[in-house]
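This is what each chain is made of:
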Amino acid sequence: MALIKAHQRIYIYRHVNPDPDAIGTQAGLVRMLRLSFPEKQIFSVGSPSSSLAWISEEMSVTNLPTVNDLVIVVDCANQARINGPLPVAPTIKIDHHPNLDPYGKEVNWVEDDVSSCAELIYK
């Protein structure tokens, strides 16, 4: 929570070829952060998924995160699958897959015994 409080701009990433868990987790976290911190800029990052577009609206990001921003990556087991340019900013990884690539520079919150990443966000 301290990292979230310390940053004005927060970018939420997910994995490529997103499934409902990735999109729903990202959308839910974005909504929760916007409600909790209305003064902050919260961005959703990721290419649109036409078949699942009904789950959440996509946000076009023109400015990429910098070292002054915070990146949170949800439901993405390894760096190679992050949907977007690899973040240079402080990074939090939130995932439910085995933690074979602990790329979260600041935090790796991985619980591989839960059914979905959305379950972690709900917690």
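Residues numbered from 1 in each chain as written. Predicted model: local features only at pLDDT ≥ 70, side-chain atom pairs only at ≥ 80, totals over all residues. Heavy atoms only, no water.

Draft legend 1. Structural context of the sheet that holds strand E1 (residues 9–13). In space, the five strands of this open sheet follow the order E2-E1-E3-E4-E5, with parallel pairing throughout. The sheet is open, and its two borders are formed by strand E2 (41–44) and strand E5 (107–110), each paired with just one other strand. In this sheet, neighbouring strand axes are inclined to one another by 15 degrees on average, regardless of whether the strands run parallel or antiparallel. In this structure, E1 lies alongside E2, joined through four bridges in parallel fashion. Each residue of the ladder has a partner; that of Tyr 11, found in E2, is Phe 43. (Pairing = 2+ DSSP bridges. Helix = DSSP H or I, 4+ residues; strand = E, 2+ residues; numbered from the N terminus. Axes fitted to C-alpha atoms, helices over the stretch in contact; angles between N-to-C directions.)

Draft legend 2. Focus on the pairing of E1. Counting buried positions along E1 yields four of five residues, so the element is predominantly enclosed. After leaving E1, the chain enters helix H2 (residues 20–36) and then returns to the sheet as E2, a path that is right-handed. Strand direction decides the pairing type here: E1 and strand E3 (residues 70–74), joined by four bridges, are parallel. Residue pairing in the sheet places Tyr 13 in a bridge with Val 73 of E3. (Buried < 20%, exposed > 50% of the residue type's maximum accessible area, 1.4 Å probe, protein only. Right-handed = clockwise from strand over helix to strand, strands pointing away.)

Draft legend 3. Main features of the side chain of Arg 14. Of note, Arg 14 is situated in the loop between E1 and H2. A polar contact is formed between the side chain of Arg 14 and the side chain of Gln 26, at a distance of 2.5 Å. (Polar contact = N/O pair within 3.5 Å; in protein donor to acceptor, adjacent residues only side chain to side chain.)

Draft legend 4. Structural context of the layout of surface pockets. Volume-wise, the largest pocket comes out at about 340 Å³. Surrounding the largest pocket, 17 residues form its lining, Met 1, Ile 4, Leu 29, Ile 94 and Trp 109 being those nearest its centre. Contributing elements (two or more residues each) for the lining of the largest pocket: helix H1 (2–6), H2, strand E4 (91–95), E5 and helix H3 (117–122). Top element by residues in the lining of the largest pocket is H2. It accounts for four residues. Its residues placed into classes, the lining of the largest pocket shows 15 nonpolar, one polar and one charged. (1 Å grid on protein atoms, 1.4 Å probe; cavity = no way out; pocket = protein on both sides within 12 Å on 5 of 7 lines; lining within 4 Å. Points joined across faces, edges and corners; volume = space filled by probe spheres on them. Nonpolar A, V, L, I, M, F, W, Y, C, P; charged D, E, K, R; others polar.)

Take it as geometry only, folks, not as evidence of what the structure does.
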